[in-house]
Amino acid sequence: TQLLEQSPQFLSIQEGENLTVYCNSSSVFSSLQWYRQEPGEGPVLLVTVVTGGEVKKLKRLTFQFGDARKDSSLHITAAQPGDTGLYLCAGETSGTYKYIFGTGTRLKVLA
Amino acid sequence: KAGVTQTPRYLIKTRGQQVTLSCSPISGHRSVSWYQQTPGQGLQFLFEYFSETQRNKGNFPGRFSGRQFSNSRSEMNVSTLELGDSALYLCASSLGPSGGRTDTQYFGPGTRLTVL
C-alpha cells in the first residue's frame, strides 16, 4: 500500500517565521502535487513537480522534489496569516490513474 | 473558464438512505476522480472515470458506486448510508491521458454529507 507521510502534523508559528513541511514515501512517484485547503472548501493546487531534484518557487513558497522522487518538501519564508490552512501533498504513480494523498499538515500563522 | 462544480454543497441524510452526488468537470476535462475526506482518515481515493469507464477504484465497499456520462459529468452514489459515511466528498477533474504530460487535477468545493 502506498503511503505518503507528512510532517509535522500541526504547526503554529508567528508571522514572519520560516517553516518547512515534509512529505515522505517509500514509493516512487511520477509526479507530486502540493495543495492548500481551507475549511469547507476543496484543495487548491499550488504546484506540480515531476523531475527528481526539481525546485520550484512560488513567491515565498519553495517546493522541492527529492532526487529519487520519493519525497518532497515545502518551505515557506516569512509566513503570513494568509498562509494558514491545511497543506496536502499528493503523489501520482504513472498508469494508475489515482493520486495518493498525504496525511496533511495543518498550519496556523499567528499575527 | 468555470471551475469544477459539485452539487449539492450540503446534504443531511439518515442511516439506511441512499444519496447521489453530482460533479461537473472543467470544460474539456475528461477524467473525473472522487475522494472522501474525513478528519480521521484524511483524503482517500474512491474511484476515477475517463470516457465513461472506471479505470481505478479505492478500497471502499460496494455501497459506493459511480458513473460518468458522455459529457464527462459524473455522479457518485452511496447506498444504505452509515454514520461513518459522514464526510466531505470531493470531485477532481483533469484532462486525461496525455502521452506523458503530467495530468494535473483540479478540485471542486465538495459536498458535505452528514448522516444522522
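Summarised in this report is the structure supplied together with it. Along every chain, residues carry numbers that run from 1 in the direction the sequence is written. Labels follow written order: the first chain is A, the first ligand is 1, and so on. Predicted model: local features are reported for residues with pLDDT of at least 70 only, side-chain atom pairs are reported and counted for 80 or more only, and whole-chain, interface and lining totals are derived from all residues. Side-chain measures were taken over the full set of non-hydrogen atoms in the model, leaving aside hydrogen atoms and water.

1. Some points on the state of the cysteines
Here is step 1 of the chain: Defined by distance alone, a disulfide is two cysteine sulfur atoms within 2.5 Å. Under the defined criterion, the tally for this structure stands at 2 disulfides over all chains.
Here is step 2 of the chain: Note that Cys23(A) is cross-linked by a disulfide to Cys89(A), the S-S spacing being 2.1 Å. Torsion about the S-S bond of the Cys23(A) and Cys89(A) cystine: about 80°, corresponding to right-handed handedness. Of this pair, Cys23(A) sits in strand β3 (residues 19-24) while Cys89(A) is found in strand β9 (residues 85-92), placing the two residues 66 residues apart along the sequence.
Here is step 3 of the chain: Summary of the burial criterion: residues with accessible area below 20% of their type's maximum are buried, those above 50% are exposed, and those between are partly exposed, where the area comes from a 1.4 Å probe applied to protein chains only. For Cys23(A), a relative accessible area of 0% translates into the label buried.
Here is step 4 of the chain: Shown here is the disulfide that connects Cys23(B) with Cys91(B), its sulfur atoms set 1.7 Å apart. The chirality of the disulfide connecting Cys23(B) with Cys91(B) is left-handed, given an S-S dihedral of about -50°. With Cys23(B) in strand β3 (residues 19-24) and Cys91(B) in strand β9 (residues 87-94), this pair connects stretches of sequence that are 68 residues apart.
Here is step 5 of the chain: A relative accessible area of 0% places Cys23(B) in the buried class.
Here is step 6 of the chain: The class for Cys91(B) is buried, based on a relative accessible area of 0%. Helical segments are the DSSP runs of H or I of at least four residues, strand segments are the runs of E of at least two, and each set is numbered from the N terminus.

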